[in-house]
Structures are given as structure tokens and as C-alpha cells.
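# Structure assessment
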Amino acid sequence: MNLLRGQSPQRNPSFLLPVDISAPMDNSLHFMICVITTMLLLRESSQAGATRSDDAVNKGTGSRGPEEALPTLTVTTILEDPYMMVRRAELEGYCMDLLKALAAMLHFSYKVKVVGDGQYGAIASNGNWTGMIGEILTQEADLAVAPLTVTSAREEVVSFTTPFLQTGIGILLRKDTVSQEMSFFHFLSPFSKETWTGLLFAYVLTCFCLFLVARLSPCEWNEPKNEENHFTFLNSLWFGAGALALQGVSPRPKALSLRVIAAVWCLFAIALLAAYVANLTVLLGAGTEQLPVQTFEDLVKQRNLEFGTLDGSSTFYFFKNSKNPIHQMIYEYMDKRRDHVLVKTYQEAVQRVMESNYAFIGESISQDLAAARHCNLIRAPEVIGARGFGIATAQASPWTKKLSIAVLKLRESGDLDYLRNKWWESSCLHRSRDRWSPLQPQALGGLFLTLAIGLALGVIAAVAELSNKSRLAAGHVKKSCCSVFTEEICTRLRIKANPRPSQEPPGRASA
């Protein structure tokens, strides 16, 4: 029992010792498990982060993938200001902005190339097409985005979209080449011939009304048999001319009816002189007379200017195919002098107009831009051959209809107008005075109408005054008012009246 008791105390420490040591071992085991677990969690989180980053990369690649998968179209164009220009080694211009807008709407990418031969597109001597049309036919390009005119010949070999710009054929001139010396009667230029004719008629009519009313009105001429009427026809002409010169002349009107006519005529003269002075100021400030070359007929008749167009352009073939005699004369002139009057590029044409006696026949919308940017250039008023610029595609191309619809949407939204205003903006526009024209009668229609009303009122007032006097005289002589009124008119107008029994001398009547 003692041994057992002695051993039991010895066993107890040995039993307790393992228990005391196992507690730290459990802690370290837990610690190691925690460390391992933490490492595993960190590894999983890093793998998850890597997976997310890979997913993000894959998503980014996927977002770029559709762009890379978009159809890529080859676009041919031609360098022409402001449609397509090279600035800072990049292409920009109206057509470039239009192409970007279409690509954004229809989801395609593009590669732009400048046409190799620098031509728009025409049939060569060997029967092949040149320029941008030729590149579409040879499948070197899918689209032609440029100021390319839609014509029937081109429409037979390629397809065109709805026109994105409307234009016509005009004449570009230099101002000093078409200006003339002021004529001897340059002072008549502010008014047109019709206006001068109307003014002369109004002057004569007013003076005649003055003469007539002065004779009819008893307030102006009380006793026709005894006194003299100062408003003869010559004096009336002098009075009217004095009012036109803003000068008071005699004789001066006394009757109300005559004063109404005089006042209306003076008002007419003041307004007319104001319009004349204003238009003459604009004419003299412009520094040039009205253009002698306003139409294509004027261009053919003159001999001072050479004229031509772009070689192989639609404008050239327009005159070639036209049945108009004037157009045929223009074509024959250009065809005979092909090497001398036809130009290769639009820039060459503008430069030649500025440096020589040369008139360029081309697209009016491009000429408007040239006249706006070069203040010494001007476009003649006449524009013929309304046409449009369209995007050319290969025949049966699925892009033709899509592009046409997109162009219509851009037009309806106002984007095409915005692009037009953006690229056609110029500092010369506010200084342009070449749109001056003589004042037409329509512009003075209200003034002539006022004068006519005034003359009518004056005549009516004179008749009323004479009727009033005739009525009073008829009461004294006991005659009818109409007979007295007729006698007064005949007396004042120096008309011999038919003798009446009532007008016989009293002695004879009593006998």
C-alpha cells in the first residue's frame, strides 16, 4: 500500500506532466492550423482576384473584340477644300466628319485613301472608268465619300446614296476682271428701267392732276371768266419737279384738294429720294458696276475671258450632252481648247481665276466657298443643272440603302446643316456686296399706291368743292345743280358748251 501510495504520488506528476505539456501543444497546433488556414484563404483570395482580373481583361478584350470584328470598309476620296484636307498629317473636312457620323450610326470601321489619279470619275478613251468610280469598279474601294456628283452615266456602273449636299453649275470670276468703267449714265443705276419708267409716269400723272384740280376747284380759281389760273400745265410740271428736288416753288396751292395732292407728292418725293440715295451709296461703296457676265449666254458672247472646267468632271459632260445651243457653244469652246482651258484640280482652277482672265465653270456650292474665302472672287448669279453630291458604292451593295437612310436621319436631325455651317464659315461673307441689284418697282409698290390714293382724294375733293359751289349757284339762278355743274366744268376746262334756250339773252327770250 505504501509502495502503491509512494508510486501513486510519482505517477501523478508523470500523469500531470503530459497534461501540462499537451496544453501548449494544442495551442501551437491551433496556431499552425490557423496559419495554414490563413495562407489557404489568402491563396484563394489571390486566385479569385487573379480570376477577376482575368475576367476584366477578358471583358475588355471582349469589348474591343466587337470593334475588331466590325466590318472594315475602304473609302476612297479626293483632296478638295473643305470636303477633305490634310492638316497636321491627318485628314479632316466636311466629308471626314460625315464619314465619322455614318460609321457611328451604322457600326463599321473604315480606312480612308486618296484616289490615285486625282480624278472624280469619267470614262477614259479605252472605255475604262478613271478616278474614284474606277476604284469602286475594280474593288479597290468600297465607298467613295467626296463631292461626287450623281449623274446618269455614273449611276449605270455604281450606286449612289441619297445626296448629302445640293448644288448646281455656276461661273466663278475675279471681280476686277469683270468690272467695267462707270458709264456716263451711272447715276441711273440705283433704279431699274422699270422703276424709272414708273417714276416718269407718276410724275406726269401727278402734274396733270395738279393742273386739272386747280382748274376744277373754285377755291383755287373763283372767276374763270375774269381771272387767270396760275396752275397751267407747264407750271404744274415745274411745281412737281421742284418737289422732287425738295425745293419750294411757286405757284403755291390754295385749295384743300390741291394741297392734298401736293402733300402726297412731296411725301412720295422724299421717300423716293431716300431710296435713291441709299441704293446709290451701296452701289458706289461696292466699287464695281453690276456684273456684265451674269449668265452663261453673257459668258459666250464676251471675248475678254477664257473659261473652262475640270477635265473629265460631270460638269464637262453636262455641257457635252446638253441640247441647249448656249451649252453646246460652251462645250465646243472647251473641247477645242481642251489642253488650255481645262484644269486638273479645283485648287488649280481657283488659282487660275485669281491670277488670270479666266472664268471657272463648276459646282456652285464650291464656288460659294471660294468666293467667301477669297474676297476678290465672285460667283455669277445664274445657276443651272441642279444636282447633288452622293456617296458611291458598288452596285447591289448592302451598304447603299443603309447609308441613304443614315444620310436622311442626319438631314432630319440638322447635323448636315451644322456641318455645312461649320466648314463654309468665312470672314469674307460679311464684306460681300456683290448681291446688289437695281431697285425694282415691287420694292416701291406701297409708295406708288400711296401716291395713287392721294391723287384720287385730291380729285374727289376738287369735284366736291365744285359741286358745293354749283349747288349754291343753282339756288341763286334757279337752275338745276347738274346744269350749273356742267357749265362750271366746261368754263374751267375751256370747253364750248352747246347753247341752251335757257342761256339766251333776256331780251330775245322776252321777244
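See the structure above.
None of the values given here were measured: they were computed from a predicted structure.

### Observations concerning the overall build of the chain
The helix and strand inventory of the chain stands at 19 helices and 12 strands. Looking at the chain residue by residue over its 511 residues, the buried ones come to 39%. Split by element, the accessible area of the chain, about 29100 Å² in all, is 59% carbon and sulfur.

### Here's the deal with the pattern of salt bridges
Here the structure, examined in full by the defined rule, presents 12 salt bridges. Arginine 88 serves as the salt-bridge partner of glutamate 92, at 4.0 Å between the closest nitrogen and oxygen. Residue arginine 88 is classed as exposed on the basis of its relative accessible area, which comes to 72%. Note that glutamate 297 and lysine 301 form a salt bridge whose closest N and O atoms lie 3.1 Å from each other. With glutamate 297 and lysine 301 both in helix H9 (residues 296–301), this residue pair falls four residues apart, about one helical turn. Put simply, Asp311, Asp335, Arg338 and Lys344 are held in one network by salt bridges that share partners.

### Description of the sheet that holds strand S6 (residues 158–160)
If you walk across this open sheet you meet the five strands as S4-S1-S5-S12-S6, and the pairing is mixed. Because the sheet does not close on itself, it has two edges, and the strands there are strand S4 (109–114) and S6. Summarising the sheet, S6 and strand S12 (residues 392–394) pair through three bridges and their orientation is antiparallel. In the strand pairing of S12, valine 158 is matched with alanine 394. Sheet strands touched by helix H2 (residues 94–106): strand S1 (72–77) and S4. Its angle to S4, the strand with the most contacts, is close to 160°. Sheet strands touched by helix H15 (residues 399–413): S1, strand S5 (143–144), S6 and S12. Its angle to S12, the strand with the most contacts, is close to 155°.

### Here's the deal with empty space enclosed by the protein
Per the counting criterion, the structure on display carries one cavity of 30 Å³ or more. Put simply, the largest cavity is a space of about 160 Å³. Lining the largest cavity are 17 residues, and of these Tyr120, Pro147, Thr149, Leu310 and Glu363 sit closest to its centre. Those elements that place two or more of their residues in the lining of the largest cavity are helix H10 (314–321) and strand S9 (358–363). Considering only residue class, the lining of the largest cavity consists of seven nonpolar, seven polar and three charged.

### Comments concerning helix H7 (residues 233–244)
Here H7 spans 17 Å end to end across 12 residues, near enough to the 16 Å set by a 1.5 Å rise per residue. Those residues of H7 lying buried are Ser236, Phe239, Gly240, Gly242 and Ala243. Taken around the axis of H7, the buried residues stretch over an arc of 160°, which confines them to a single face. Away from its buried face, by an angle of more than 90 degrees, H7 presents the exposed residues Leu234 and Trp238. One or two positions beyond H7, positive phi appears at leucine 246, with a value near 60°.

### Observations regarding the packing of H2 against helix H16 (residues 415–423)
Two elements in contact, H2 and H16, have axes separated by 10 Å at closest approach and are oriented at 155°. As far as their axial angle goes, H16 and H2 are roughly antiparallel. The crossing of H2 and H16 is right-handed. Residues Tyr94, Asp97 and Leu98 of H2 form the contact with H16, whose own contacting residues are Leu416, Leu419, Arg420, Lys422 and Trp423. A per-class count over the contact of H2 with H16 returns five nonpolar, no polar and three charged.

### Section: the environment of lysine 193
Summarising the element assignment, lysine 193 is placed in helix H6 (residues 193–216). Using a relative accessible area of 72% as the deciding quantity, one classes lysine 193 as exposed. Remark: the alpha-carbon pair of lysine 193 and glutamine 440, spanning 247 residues in sequence, is separated by 8.4 Å.

### Section: unusual backbone geometry
Note the cis peptide between aspartate 81 and proline 82, where omega equals 5°. A positive phi angle is found at arginine 88, which is not glycine, with a value near 55°. Position of arginine 88 among the secondary structure elements: in the loop between strand S2 (85–87) and strand S3 (90–92). Of note, histidine 107 is a non-glycine position whose phi angle comes to about 60°, a positive value.

### Observations concerning the packing of aromatic side chains
Taken as a whole and assessed by the stated rule, the structure comprises 20 aromatic pairs. With centroids separated by 5.7 Å and ring planes inclined at 90°, the aromatic side chains of tyrosine 94 and tryptophan 424 adopt a geometry described as edge-to-face. On the criterion of sequence distance, the pair formed by tyrosine 94 in helix H2 and tryptophan 424 in the loop between H16 and helix H17 (445–477) is long-range, its members being 330 residues apart. Its relative accessible area of 0% is what places tyrosine 94 among the buried residues.

### Quick look at the side chain of threonine 167
Examined against the element boundaries, threonine 167 turns out to sit in strand S7 (residues 165–174). Engagement of the side chain of threonine 167 in a polar contact is seen with the side chain of serine 364, the distance being 3.2 Å. If we skip the residues at most four places from it in the chain, threonine 167 touches Glu363, Ser364, Ile365, Gly385, Ala386, Arg387 and Phe389.

### Remarks on the packing of H6 against H7
Viewed as axis vectors pointing N to C, H6 and H7 meet at an angle of 130°, and their least axial separation amounts to 8 Å. Taken together, the axes of H6 and H7 are oblique relative to one another. Every pair of crossing elements has a handedness; the one defined by H6 and H7 is right-handed. Between H6 and H7, the contacting residues are Tyr203, Cys207, Phe208, Leu210 and Phe211 on the first element and Phe233, Ser236, Leu237, Trp238, Phe239, Gly240, Ala241 and Leu244 on the second. Residues belonging to the contact of H6 with H7 are distributed by class as follows: 11 nonpolar, two polar and no charged.

Thresholds applied
Residues numbered from 1 in each chain as written. Predicted model: local features only at pLDDT ≥ 70, side-chain atom pairs only at ≥ 80, totals over all residues. Heavy atoms only, no water. Helix = DSSP H or I, 4+ residues; strand = E, 2+ residues; numbered from the N terminus. Buried < 20%, exposed > 50% of the residue type's maximum accessible area, 1.4 Å probe, protein only. Areas by Shrake-Rupley, 256 points an atom, 1.4 Å probe, with all protein chains shown as cover. Salt bridge = Lys/Arg side-chain N within 4 Å of Asp/Glu carboxyl O. Pairing = 2+ DSSP bridges. Contact = heavy atoms within 4.5 Å. Axes fitted to C-alpha atoms, helices over the stretch in contact; angles between N-to-C directions. 1 Å grid on protein atoms, 1.4 Å probe; cavity = no way out; pocket = protein on both sides within 12 Å on 5 of 7 lines; lining within 4 Å. Points joined across faces, edges and corners; volume = space filled by probe spheres on them. Nonpolar A, V, L, I, M, F, W, Y, C, P; charged D, E, K, R; others polar. Expected span 1.5 Å × (residues − 1). Arc of directions from axis to C-beta. Parallel < 35°, antiparallel > 145°, perpendicular 65-115°, else oblique. Left-handed = near helix turned anticlockwise from the far one by under 90°. Phe/Tyr/Trp six-rings, centres within 6.5 Å; stacked < 30°, edge-to-face > 60°. Polar contact = N/O pair within 3.5 Å; in protein donor to acceptor, adjacent residues only side chain to side chain.

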